[in-house]
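Chain by chain, the residues run as shown.
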Amino acid sequence: MRIITAILIVVFITATASAEKTTRKKLKLRTDSVTTEAVNIQYEEITVITDSAIIFTGYDKPIGADRESVFVINNSGQTIDKINITIDYFDILDRKLTSRTLDIIYSIPDKETRLVAFKTWDIQHSFYYYKSRKPRTQATPYKVTININKAFTKK
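Small disclaimer: the values here were computed from a predicted structure and weren't measured.

### Quick look at the overall build of the chain
For step 1, the next point in the chain: Counting its secondary structure elements, the chain contains one helix and eight strands.
For step 2, the next point in the chain: Counting helices and strands in the order they occur from the N terminus, the chain gives α-β-β-β-β-β-β-β-β.
For step 3, the next point in the chain: Sorting the 155 residues of the chain into buried and exposed places 30% on the buried side.
For step 4, the next point in the chain: Across the chain, contacts joining residues at least 24 apart in sequence account for 64% of those joining residues at least 6 apart.
For step 5, the next point in the chain: Surface accessibility of the chain: about 11,700 Å² in total, with carbon and sulfur atoms responsible for 54%.

If you want it as structure tokens, here you go:
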């Protein structure tokens, strides 16, 4: 008898419960809190004395990723706010695939490590970093070298 009563209660609750409509129509973008003025930040170049002042380690980009990531270790003696780097991409036979230069705008205090991520060069998702996990689909492994061109701190 208790089972029949419990089943009837569940059926009644399910039948009377109305589904909430989750799509909202006529949504408008709020522009009052959005700043459209460009932020003008000035940087001062840092002279990097040794190769161990700024270290890149733990690079990763799996096959389907839209972003590449790498740890940046700052041993320069001061906070770094922007790093200009060149990344060279090579296949497993050390043939150069491509190269690009980009700015990493990220505040990294002295003696600290930060994980930074940036948009990948592999827009077709057909390459993977050779130390990443091997994909199940056909893909080409590659290697990278990262060279620091300049480092900057905020004025």
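### Digging into the pairing of strand β5 (residues 96-108)
For step 1, the next point in the chain: Sheet analysis places strand β4 (residues 80-91) next to β5, joined by 10 bridges and oriented antiparallel. Within β5, the residue paired with I80 across the bridge is I108.
For step 2, the next point in the chain: Connecting the antiparallel pair β4 and β5 is a turn made up of four residues, with D94 showing a positive phi of about 65 degrees.

### Quick notes on the sheet that holds strand β3 (residues 67-74)
Paired through backbone hydrogen bonds, the strands of a sheet run either parallel or antiparallel to each other.
For step 1, the next point in the chain: One open sheet accounts for three strands, arranged β2-β3-β6; its pairing is antiparallel. Only two strands of the sheet have a single neighbouring strand rather than two, namely β2 (54-60) and β6 (112-119). Averaged over neighbouring strand pairs, the angle between their axes works out to 25 degrees when direction is ignored.
For step 2, the next point in the chain: One ladder, built from five bridges, connects β2 with β3; its direction is antiparallel.

### Here we look at the confidence of the model for the chain
For step 1, the next point in the chain: Confidence in the prediction for the chain averages 82 pLDDT; 74% of positions are at 70 or higher.
For step 2, the next point in the chain: Between residues 32-38, whose pLDDT stays under 50, and residues either more than four places distant or in other chains, the model counts zero contacts.

### Some remarks on the packing of aromatic side chains
For step 1, the next point in the chain: For the coordinates displayed, the defined rule picks out nine aromatic pairs.
For step 2, the next point in the chain: Between the aromatic rings of W121 and Y142, the centroid separation amounts to 5.5 Å while the plane-to-plane angle is 90 degrees, which identifies the pairing as edge-to-face. Pair noted here: W121 is in the loop between β6 and β7 (127-129) and Y142 is in strand β8 (residues 140-154), with a separation of 21 residues, a long-range link.
For step 3, the next point in the chain: On the basis of an interplanar angle of 70 degrees and a centroid distance of 5.1 Å, the ring pair of Y129 and Y130 is categorised as edge-to-face.

### Overview of the pattern of salt bridges
For step 1, the next point in the chain: What the rule picks out here adds up to seven salt bridges.
For step 2, the next point in the chain: With a shortest N-O distance of 3.0 Å, K61 and D122 are connected by a salt bridge. A residue pair is termed long-range when its members are at least 10 positions apart, and K61 in the loop between β2 and β3 and D122 in the loop between β6 and β7 qualify at 61 residues.
For step 3, the next point in the chain: Taking the relative accessible area as the measure of exposure, K61 reaches 0% and is therefore buried.
For step 4, the next point in the chain: Classification of D122 by relative accessible area gives buried; the value is 3%.
For step 5, the next point in the chain: A salt bridge links E112 to R114; the shortest N-O distance between them is 2.8 Å.

### So, the side chain of D81
For step 1, the next point in the chain: By the element assignment, D81 lies in strand β4.
For step 2, the next point in the chain: Of the side chains with opposite charge, K154 comes closest to the buried, unpaired D81, at an N-O distance of 4.7 Å.
For step 3, the next point in the chain: Only 3.4 Å separates the side chain of D81 from the side chain of T153, close enough to count as a polar contact.

### Focus on the side chain of D91
For step 1, the next point in the chain: Following the sequence through the fold, D91 ends up in strand β4.
For step 2, the next point in the chain: A polar contact of 3.0 Å, which involves the side chain of D91, links it to the backbone nitrogen of L93.
For step 3, the next point in the chain: Contacts of D91, omitting those with residues within four sequence positions, involve L97, P141 and Y142.

Criteria and thresholds
- Residues numbered from 1 in each chain as written.
- Predicted model: local features only at pLDDT ≥ 70, side-chain atom pairs only at ≥ 80, totals over all residues.
- Heavy atoms only, no water.
- Helix = DSSP H or I, 4+ residues; strand = E, 2+ residues; numbered from the N terminus.
- Buried < 20%, exposed > 50% of the residue type's maximum accessible area, 1.4 Å probe, protein only.
- Contact = heavy atoms within 4.5 Å.
- Areas by Shrake-Rupley, 256 points an atom, 1.4 Å probe, with all protein chains shown as cover.
- Pairing = 2+ DSSP bridges.
- Axes fitted to C-alpha atoms, helices over the stretch in contact; angles between N-to-C directions.
- pLDDT = per-residue confidence, 0-100.
- Phe/Tyr/Trp six-rings, centres within 6.5 Å; stacked < 30°, edge-to-face > 60°.
- Salt bridge = Lys/Arg side-chain N within 4 Å of Asp/Glu carboxyl O.
- Lys, Arg positive; Asp, Glu negative; His and termini not counted.
- Polar contact = N/O pair within 3.5 Å; in protein donor to acceptor, adjacent residues only side chain to side chain.

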